[in-house]
Amino acid sequence: METPRANPAPNPRIVLGIDPGTRVVGFGAIALAPRGYRFLGAGVIRTPAKAEVAARLGQIRVELDQILTDLAPGVVVVEEAFAHRNVQSALRIGEGRGVVISSAVAAGAQVVQIPPAVAKKALVGFGAADKSQVAAMVARLLGLEKLPEPMDATDALALALTHAIRSTSPLA
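Residues numbered from 1 in each chain as written. Predicted model: local features only at pLDDT ≥ 70, side-chain atom pairs only at ≥ 80, totals over all residues. Heavy atoms only, no water.

Looking at the overall build of the protein chain
Piece 1. Within the protein chain, the regular secondary structure consists of five helices and five strands.
Piece 2. The N-to-C order of helical and strand elements in the protein chain reads β-β-β-α-β-α-β-α-α-α.
Piece 3. For 172 residues, the compact-globule formula gives about 16 Å, and the C-alpha radius of gyration of the protein chain, at 16 Å, lands near that figure.
Piece 4. For the protein chain, the spread of C-alpha atoms along the three principal axes comes to 45 × 40 × 30 Å.
Piece 5. The long-range share in the protein chain, meaning contacts at least 24 apart out of those at least 6 apart in sequence, stands at 62%.
Piece 6. Put simply, the protein chain shows about 9,300 Å² of open surface, and 56% of that area lies on carbon and sulfur atoms. (Helix = DSSP H or I, 4+ residues; strand = E, 2+ residues; numbered from the N terminus. Rg over C-alpha atoms; globule rule 2.2 N^0.38 Å. Contact = heavy atoms within 4.5 Å. Areas by Shrake-Rupley, 256 points an atom, 1.4 Å probe, with all protein chains shown as cover.)

Structure, rendered in structure tokens:
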């Protein structure tokens, strides 16, 4: 049996946002820098649509564990559950959130949950802002000429930025 590789100590200056799901999981990482925020990376974990839910959740866990090992974030920000019209969709999102939270805790990161409307309000000033408005503000705050795609990655960066703004504010 191979000896497991030790995870590096979590870095409190690295914040990883996660937009959970079971088919597509968005992730985006930033570092708290002396003059703002520094973009570290973003992307998505995609699982096969026809795979069984358990197999998709297992794939998410394996890929997310690798991302957590590579980045060693001190904080993982997960989109908080919200009421969903379709019960099956809500259950699937909840399963994905559970995998994300479990993986983050196992990596030694602090887990913070933020509702989508709170992130929108923190970044755009309006809790019902649309995804394009949020994406534009993410790009502006991170000095990005081009936004990471797809929107799941941008949504994850929005969560990371919201936590960073809220935690570094003198009012926090």
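Points about the layout of surface pockets
Piece 1. Taken as a whole, the largest pocket spans an internal volume of roughly 190 Å³.
Piece 2. Forming the walls of the largest pocket are eleven residues, and the residues nearest its centre are Glu79, Pro116, Lys120, Lys131 and Asp155.
Piece 3. Elements with a minimum of two residues in the lining of the largest pocket: α3 (116-124), α4 (131-142) and α5 (151-168).
Piece 4. Of the residues contributing to the lining of the largest pocket, the split by class is six nonpolar, no polar and five charged. (1 Å grid on protein atoms, 1.4 Å probe; cavity = no way out; pocket = protein on both sides within 12 Å on 5 of 7 lines; lining within 4 Å. Points joined across faces, edges and corners; volume = space filled by probe spheres on them. Nonpolar A, V, L, I, M, F, W, Y, C, P; charged D, E, K, R; others polar.)

Some words on the environment of Ala104
Piece 1. With respect to the helices and strands, Ala104 occurs in helix α2 (residues 87-106).
Piece 2. According to the relative accessible area criterion, Ala104 is buried, its value standing at 1%.
Piece 3. Residues Ala104 and Leu147, spaced 43 residues apart in sequence, show a C-alpha to C-alpha distance of 25 Å.
Piece 4. Those residues within four positions of Ala104 in sequence are excluded, and the remaining contacts are Leu68, Val76, Ala109 and Val111. (Buried < 20%, exposed > 50% of the residue type's maximum accessible area, 1.4 Å probe, protein only.)

Description of the sheet that holds strand β2 (residues 24-33)
Piece 1. Strand order in the open sheet formed by five strands is β3-β2-β1-β4-β5, and the pairing between neighbours is mixed. Each edge of the open sheet is held by one strand with a lone partner, namely β3 (36-46) and β5 (110-114). Pairs of neighbouring strands in the sheet enclose a mean axial angle of 20°, with direction left out of account.
Piece 2. Sheet analysis places strand β1 (residues 11-19) next to strand β4 (residues 73-79), joined by five bridges and oriented parallel. Of the residues in β4, the one forming a bridge with Gly17 is Val77.
Piece 3. Of the strands in this sheet, β1, β2, β3, β4 and β5 touch α5, which is tilted by about 35° from β2. (Pairing = 2+ DSSP bridges. Axes fitted to C-alpha atoms, helices over the stretch in contact; angles between N-to-C directions.)

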